[in-house]
Amino acid sequence: MLFELDSARGALPLYVQLANALEAHIINDKLEPGTKLPSEPTLAAENNLSRATILKAFEMLVDRGLVSRYQGKGTFVRSRPMERSLPELTSFSEHVDSLGLRPGSTLLDYAEYAANAPGRPASAFPDDVDIVVIERARSVGGTPVGLQRLIIPAHVAHKVGITESVAAQPGFSFYGTLRTAGLELSAGEETLRAINADAAEAEQLGVDPGTALIEVDRHSRGTSGQLLEHVRARYLGTHYLYRVTLNNPSNGGSHESNPSTALRTGGGYAHRSDGVRAE
């Protein structure tokens, strides 16, 4: 794979040019997630560059969220980051579907806890409420993008027919299941914070320990105001971007959304079409 690079004085560093050329190749040729890029030795030989230059170019692509590198295996195209606006009350599956992509779900754990049972996880529900805890790995196009813990009242799970076998289905959608049963979520409160992946999370997501994650903590309510779900999810920071549109009240405008008060649910898996990349 040969690229035209400018080695003249004053030109961009060669590794930056190569990173830009590889990015254009990925985007213009619409390489599918999981496509393997040429190896460092191959690119170095074909472009008369040092392996150090190739390595720095690949590192830039990793930082841009375009590729993943696996020791002993190579460098692979990642799923594109996709954008989500605040406020927006849709589920992970619905949002990914709306972007023309394929959402996925792998059940990691399913458990029911009676009121005041020992070992039950902390949640927004009172201790005297029976709960169901569903832990899943979420993916887009087969690529892991996050880990999610969904906690719901046991009586709601039983009413809408959620069981372990139902939750284990790859296409399981909690919101879709609610709607089928005649229930709707009308409002939610969500907080975001930046964290780093621990060893277990890194293994499940196929990244290095310490990789940047966005933790989403969400409480969603039904039309009667009843709390129906408490979700704590951790998504790869390179895949998620949240967009907030603000107006200046002093100029007669109002905040269309505010990161501290916006009502929404779901992760911000963001598809960028404007050339700006998620950090």
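Parameters and conventions
Residues take numbers from 1 onward in each chain, read along the sequence in its written order. In keeping with the predicted nature of the model, local features appear solely for residues at pLDDT of at least 70, side-chain atom pairs appear and are counted solely at 80 or more, and the whole-chain, interface and lining totals rest on all residues. By convention in this description, side-chain values take in all heavy atoms of the structure and omit both hydrogens and water. What pLDDT conveys is the predictor's confidence in a given residue, as a value from 0 to 100. Where helices and strands are cited, they refer to DSSP runs of H or I of at least four residues and of E of at least two residues respectively, numbered from the N terminus. Here, two residues are considered to be in contact whenever any of their heavy atoms come within 4.5 Å of each other. Partly exposed describes any residue whose relative accessible area lies between the buried limit of under 20% and the exposed limit of over 50%, with all areas from a 1.4 Å probe on protein chains only and scaled to the type maximum. Throughout, nonpolar core names a set of buried Ala, Val, Leu, Ile, Met, Phe, Trp, Tyr and Cys residues whose side chains join them through atoms within 4.5 Å. Taken from the helix axis, the directions to the C-beta atoms give the arc we talk about. To get an axis, a line is fitted to the C-alpha atoms, and for a helix only the part in contact is used. The angle between two axes follows their N-to-C directions and goes from 0 to 180 degrees. Orientation categories follow fixed angle ranges, with anything under 35 degrees roughly parallel, anything over 145 roughly antiparallel, 65 to 115 roughly perpendicular, and all other angles oblique. Left-handed is the label given to a crossing in which the near helix is rotated counterclockwise from the far helix by less than a right angle, and right-handed is the label when the rotation is clockwise.

1. Remarks on the confidence of the model for the protein chain
Detailed reading of predicted coordinates is not advised where the pLDDT is low.
Right, so step 1: On average, residues of the protein chain score 81 in pLDDT, and 78% of them are at 70 or above.
Right, so step 2: Of all helices and strands in the protein chain, the one with the weakest mean pLDDT is strand β3 (residues 82–85) (52), whereas helix α6 (residues 164–167) scores best (95).
Right, so step 3: A low-confidence stretch, residues 254–267 (pLDDT under 50), is modelled with 55 contacts involving residues beyond four sequence positions or located in other chains.
Right, so step 4: In the predicted structure, residues 270–279 sits below a pLDDT of 50 and forms 27 contacts with residues beyond four places in sequence or in another chain.

2. Concerning unusual backbone geometry
Right, so step 1: Even without a glycine there, the phi angle at Asn-48 is positive, about 55°.
Right, so step 2: Examined against the element boundaries, Asn-48 turns out to sit in the loop between α2 (40–47) and α3 (51–63).
Right, so step 3: The class for Asn-48 is exposed, based on a relative accessible area of 72%.

3. Observations concerning the nonpolar core
Right, so step 1: In this structure, Val-132, Ile-134, Ile-152, Ile-162 and Phe-174 are the most contacted members of the largest nonpolar core, which totals 25 residues.
Right, so step 2: Of all elements in the fold, only β5 (131–140), β6 (143–153), α5 (154–160), α7 (174–180), β8 (212–222) and β9 (227–236) reach the threshold of two or more residues within this core.
Right, so step 3: Residues contacting Val-132, with those up to four places away along its chain left out, are Tyr-110, Ala-111, Glu-112, Leu-150, Ile-151, Ile-152, Ala-154 and Ala-157.
Right, so step 4: Core analysis: the second largest hydrophobic core is formed by 18 residues, Leu-31, Ala-57, Phe-58 and Leu-61 among them.

4. Focus: the side chain of Gln-17
Right, so step 1: Looking at the secondary structure, you find Gln-17 in helix α1 (residues 14–28).
Right, so step 2: Excluding anything up to four places from it in sequence, Gln-17 contacts Leu-5, Asp-6, Ala-11 and Leu-12.

5. Thoughts on α2
Since the α-helix advances by 3.6 residues per turn, residues separated by three or four positions end up pointing in the same direction.
Right, so step 1: Every buried residue of α2 is accounted for by Glu-40, Leu-43, Ala-44 and Asn-47. Looking straight down α2, one finds that the buried residues subtend no more than 100° of arc, so they occupy a single side.
Right, so step 2: One or two positions beyond α2, positive phi appears at Asn-48, with a value near 55°.

6. A short note on the packing of α1 against α3
Right, so step 1: At their nearest, the axes of α1 and α3 sit 8 Å apart, and the two run at 50° to each other. As the angle between them shows, α1 and α3 are arranged oblique. Once α1 is placed against α3, the crossing between them reads as right-handed. Here Leu-14, Tyr-15, Val-16, Leu-18, Ala-19, Leu-22 and Glu-23 of α1 come into contact with α3, specifically with Thr-53, Ile-54, Lys-56, Ala-57, Phe-58, Met-60 and Leu-61.

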